[in-house]
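The primary structure of each chain is shown beneath.
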Amino acid sequence: MVKRFSFFLFLCLIPFLVVADDEDYEHKRIAQISVEARDLPKDSTFQSKIVEGKLKTKVGDVFSQNTFDQDLKTLSKDYDRVDPSISVKNDEVYISLIIWMRPRIKSIVWKGDFHFKKSRLKKELSIEANTLFNRQAFNKAFHKLKEF
């Protein structure tokens, strides 16, 4: 009986322990935000200030998990992948963002025995070479092409 009660008490406390862990950053001043890009194309001119400008989370402000979550959603629209890291030193928050640029579509190659001209297939796909790859847009266009 005592073991069951202890186990039940432990299960009831788990959500409070998790919440307490999430709030380690809340209400602490942001000391630094660093942005690093990975796998940049050779012709890319990446500037971390542009990424920082898109953020509502600013150096000197008080950290808010809700605002930071919104920032990550905003960045995920423009970049292929965003890997955040948050740490606390001397009661200040340090944010590190590693981002991966969206790849560029170099070319679209059509193979097979076609009942339609390639120009018609290109029109149906509606995605051009030398544009940034967006997985959702490509999947949508590809399904549209398959329906055609």
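The text that follows walks through the structure, step by step, so that each part is easy to find.

Rules behind the numbers
- Residues numbered from 1 in each chain as written.
- Predicted model: local features only at pLDDT ≥ 70, side-chain atom pairs only at ≥ 80, totals over all residues.
- Heavy atoms only, no water.
- Helix = DSSP H or I, 4+ residues; strand = E, 2+ residues; numbered from the N terminus.
- Buried < 20%, exposed > 50% of the residue type's maximum accessible area, 1.4 Å probe, protein only.
- Contact = heavy atoms within 4.5 Å.
- Areas by Shrake-Rupley, 256 points an atom, 1.4 Å probe, with all protein chains shown as cover.
- Salt bridge = Lys/Arg side-chain N within 4 Å of Asp/Glu carboxyl O.
- Lys, Arg positive; Asp, Glu negative; His and termini not counted.
- Polar contact = N/O pair within 3.5 Å; in protein donor to acceptor, adjacent residues only side chain to side chain.
- Core = buried A, V, L, I, M, F, W, Y, C linked by side-chain atoms within 4.5 Å.
- Axes fitted to C-alpha atoms, helices over the stretch in contact; angles between N-to-C directions.
- Parallel < 35°, antiparallel > 145°, perpendicular 65-115°, else oblique.
- Nonpolar A, V, L, I, M, F, W, Y, C, P; charged D, E, K, R; others polar.

Focus on the overall build of the protein
And then number 1: Helix and strand counts for the protein stand at 5 helices and 3 strands.
And then number 2: For the protein, buried positions account for 19% of its 148 residues.
And then number 3: Sequence-distant contacts in the protein: of pairs separated by 6 or more residues, those separated by 24 or more amount to 56%.
And then number 4: Carbon and sulfur atoms make up 54% of the accessible area of the protein, which amounts to about 11,400 Å² in all.

Some words on the pattern of salt bridges
And then number 1: Scanning all chains against the criterion turns up 5 salt bridges.
And then number 2: When the shortest N-O distance is used, the salt bridge between Lys49 and Glu52 registers 3.8 Å. Of this pair, Lys49 and Glu52 both sit in helix α2 (residues 48–54), 3 residues apart, roughly one helical turn.
And then number 3: We classify Lys49 as exposed; its relative accessible area is 63%.

A short note on the side chain of Arg102
And then number 1: If you trace the backbone, Arg102 turns up in the loop between β3 (92–100) and α4 (118–125).
And then number 2: Here Arg102 occupies a buried position and makes no salt bridge, while the nearest side chain of opposite charge, Asp80, is found at 4.4 Å.
And then number 3: Within the structure, the side chain of Arg102 is placed 3.2 Å from the backbone oxygen of Ser76, a separation counted as a polar contact.
And then number 4: At a separation of 2.8 Å, a polar atom in the side chain of Arg102 contacts the main-chain carbonyl oxygen of Lys77.
And then number 5: The contacts of Arg102, once residues within four sequence positions are left out, are Ser76, Lys77, Asp78, Tyr79, Asp80, Leu132, Phe133 and Asn134.

Notes on the nonpolar core
And then number 1: Within the largest apolar cluster, 15 residues are counted, with the highest numbers of intra-cluster contacts made by Ile95 and Leu97.
And then number 2: Going through the elements one at a time, β1 (29–38), α3 (65–78) and β3 are the ones with two or more residues in this core.
And then number 3: Ignoring anything within four residues of it in the chain, the contact list for Leu97 reads Ser34, Val35, Glu36, Leu55, Phe68, Leu72, Leu75, Val82, Asp83 and Pro84.
And then number 4: In this structure, Trp110, Leu121, Ile127 and Ala141 belong to the second largest nonpolar core, which totals 7 residues.

Things to note about unusual backbone geometry
And then number 1: With a phi close to 65°, His27 is a non-glycine residue in the positive phi region.
And then number 2: Mapped onto the elements, His27 comes out in the loop between α1 (2–22) and β1.
And then number 3: Of note in the backbone geometry, Asn90 takes a positive phi value of approximately 50° without being a glycine.
And then number 4: According to the relative accessible area criterion, Asn90 is exposed, its value standing at 74%.

A word on the packing of α4 against helix α5 (residues 135–147)
Each pair of packed helices can be described by the angle between their axes along with the distance between the axes.
And then number 1: α5 packs onto α4 with a crossing angle of 135° between their chain directions and a minimal axis gap of 8 Å. When the axis of α4 is compared with that of α5, the two are oblique. Here α4 contributes Leu121, Glu124 and Leu125 to the contact with α5, which in turn contributes Ala141, Phe142, Lys144 and Leu145.
And then number 2: Residue classes in the contact of α4 with α5 are distributed as 5 nonpolar, no polar and 2 charged.

What is shown is where atoms sit, not what they do.
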